[in-house]
Amino acid sequence: MRRSRRRSTTTPATTPAPAVAPTAAERVVDDLPGFYDAPPGSPTPPAPAPAPAPEPGAADDRSATTGRGRRRGVVAAGVAVVAVVTAVVVVGTVTDRHGAEPPAGPAATTSAAPRTSSAPSTSSPSAPLTAAAAGDLADLDLPAGDDGFTGSLTSTGVVLEPQAVGVTVAYPQLTVSSDGTRSVAHLDLAVWNCLGDQAPADPAAADCRRVLAEFADLGSPDLQVTRTSDGLQLSGTFATYTRPNGSAPVYTGRSYPLEVQVEDATGGPTGTLRLGSGAATVVPPGELVG
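Residues numbered from 1 in each chain as written. Predicted model: local features only at pLDDT ≥ 70, side-chain atom pairs only at ≥ 80, totals over all residues. Heavy atoms only, no water.

(A) Structural context of the state of the cysteines. In the structure shown here, the tally under the stated rule is 1 disulfide. Here C194 connects covalently by a disulfide to C208, the sulfurs 2.0 Å from one another. Because the torsion about its S-S bond is 120 degrees, the bridge between C194 and C208 counts as right-handed. Placement of the pair is C194 in strand β4 (residues 183–194) and C208 in the loop between β4 and β5 (209–210), with a sequence separation of 14 residues. With respect to burial, C194 and C208 carry one shared label: buried. (Disulfide = S-S within 2.5 Å. Helix = DSSP H or I, 4+ residues; strand = E, 2+ residues; numbered from the N terminus. Buried < 20%, exposed > 50% of the residue type's maximum accessible area, 1.4 Å probe, protein only.)

(B) Region of the structure containing the environment of T266. Here T266 lies in the loop between β9 (250–265) and β10 (268–275). Judged by its relative accessible area of 87%, T266 falls in the exposed class. On a C-alpha basis, the gap between T266 and E287 in space is 9.8 Å, while along the polypeptide they are 21 residues apart.

(C) Spatial organisation of the nonpolar core. Membership of the largest hydrophobic core comes to 27 residues, with the highest contact counts inside it found for L174, L234, F238, L258, V260 and L275. Aside from chain neighbours lying at most four places away, what touches L258 is L174, L234, S235, G236, F238, L273, R274 and L275. Counting 7 residues, the second-largest nonpolar core is a separate cluster that includes V167, Y171, W192 and C194. (Core = buried A, V, L, I, M, F, W, Y, C linked by side-chain atoms within 4.5 Å. Contact = heavy atoms within 4.5 Å.)

(D) Quick peek at unusual backbone geometry. A cis amide bond, omega 5 degrees, links S220 with the succeeding residue P221. With respect to the secondary-structure elements, P221 resides in the loop between β6 (214–219) and β7 (224–227). A cis amide bond links P284 to the next residue, P285, at an omega of 5 degrees. Tracing the backbone through its elements, the reader meets P285 in strand β11 (residues 278–289).

(E) Structural view of the side chain of S183. Within the secondary structure layout, S183 lies in strand β4. Here the side chain of S183 touches S178 through a polar contact of 3.2 Å, side chain to side chain. When near neighbours in sequence (up to four residues on either side) are disregarded, S183 contacts L129, L142, S177, S178, L218, G219, S220, L223 and V225. (Polar contact = N/O pair within 3.5 Å; in protein donor to acceptor, adjacent residues only side chain to side chain.)

(F) Quick look at the side chain of R182. Here R182 is to be found in the loop between β3 (167–178) and β4. Separated by 2.8 Å, the side chain of R182 and the backbone oxygen of A127 make a polar contact.

(G) The pairing of β6, seen in detail. Counting buried residues along β6, 5 of its 6 residues qualify, which places the element largely inside the surrounding structure. Sheet analysis places β4 next to β6, joined by 6 bridges and oriented antiparallel. Residue pairing across strands places V184 opposite G219, the latter belonging to β6. (Pairing = 2+ DSSP bridges.)

(H) Main features of the environment of A213. Of note, A213 is situated in the loop between β5 and β6. A213 sits in the partly exposed class, given a relative accessible area of 24%. C-alpha of A213 to C-alpha of R243: the two residues are 30 residues apart in sequence and 7.9 Å apart in space.

(I) Local environment of the pairing of strand β1 (residues 149–155). The two faces of β1 differ: F149, G151, L153 and S155 on one face are buried, but T150, S152 and T154 on the other face are not. Note that β1 and β3 share 6 bridges and pair antiparallel. Residue F149 lies in a different strand from β3, and its bridge partner there is S178. Here 5 bridges tie β1 to β11, and the two strands are oriented antiparallel to one another. Counterpart to G151 in the pairing with β11 is L288.

(J) Representation of the confidence of the model for the chain in the model. Residues with a pLDDT of 70 or more make up 57% of the chain, whose mean pLDDT is 73. Every residue in residues 1–15 scores below 50 in pLDDT, and together they form 0 contacts with partners more than four places removed in sequence or on other chains. Confidence over residues 57–118 falls short of pLDDT 50; this stretch has 6 contacts with residues more than four positions distant or in other chains. (pLDDT = per-residue confidence, 0-100.)

(K) Up close: the pattern of salt bridges. Tallying each qualifying case throughout the model produces 1 salt bridge. Among the salt bridges present, the one from R254 reaches E214, with a minimum N-O distance of 2.5 Å. Taken as a pair, R254 in strand β9 and E214 in strand β6 lie far apart in primary sequence, 40 residues in all. With a relative accessible area of 34%, R254 lands in the partly exposed category. The exposure class of E214 is buried, given its relative accessible area of 5%. (Salt bridge = Lys/Arg side-chain N within 4 Å of Asp/Glu carboxyl O.)

In structure tokens, the structure reads:
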């Protein structure tokens, strides 16, 4: 009889895993006391109150203290600089008030320079009456005194310049004053553009077109004036200017030689006025006084 040999099915023993030593945290934590203090089902203890927030700037006390110290140093230095500058200004002011010369330099020179007027001086009898700019002599009249005179003359129209069509004409009015040594004259020209080749007696009635008036002033020694026993002789070259829309005087670039010779008649001065290349007649009203 055959006997079967049963194979062994015994599983070989597995080598047990080595035990892992507990960590330091695991050895320290012991929940048994907590279990007795708060067994399961106990109410949850309230959460701890949050720590108070630090006051603004408290965290930067050290840096603020350091920065404050630095700022104090800067402020102290600034105060010292201001004190030095103030002392210098005070010393300079006291020095100037006691008559010391101001420091040299363009600024001091500019501020110390006196303002001068272009108007001529009439304090000296021999001072020339010249204009530095247009209109400088416009308001100047000399007192006649015992040896001088004043006069005003009006004339008919005179041709100033021929144009392609027609002519430019003027109607002069002249005033003159003299203190016996020096003289000054003012010339006013009412200017028109007219058709034809002559100055009409009435430019408005002749349909002439009015243009900017021209003015001129001339004084001694460029102006030559002689008061004769029966009249007046005057000569000089007058540079004209305009006053556009009442603005400051502007030279026109034109100059006219003027010659006047008149007699002091009963009804007023009469005679001839020559302006440029044209001639006109002196007519009333007018006067010579002195």
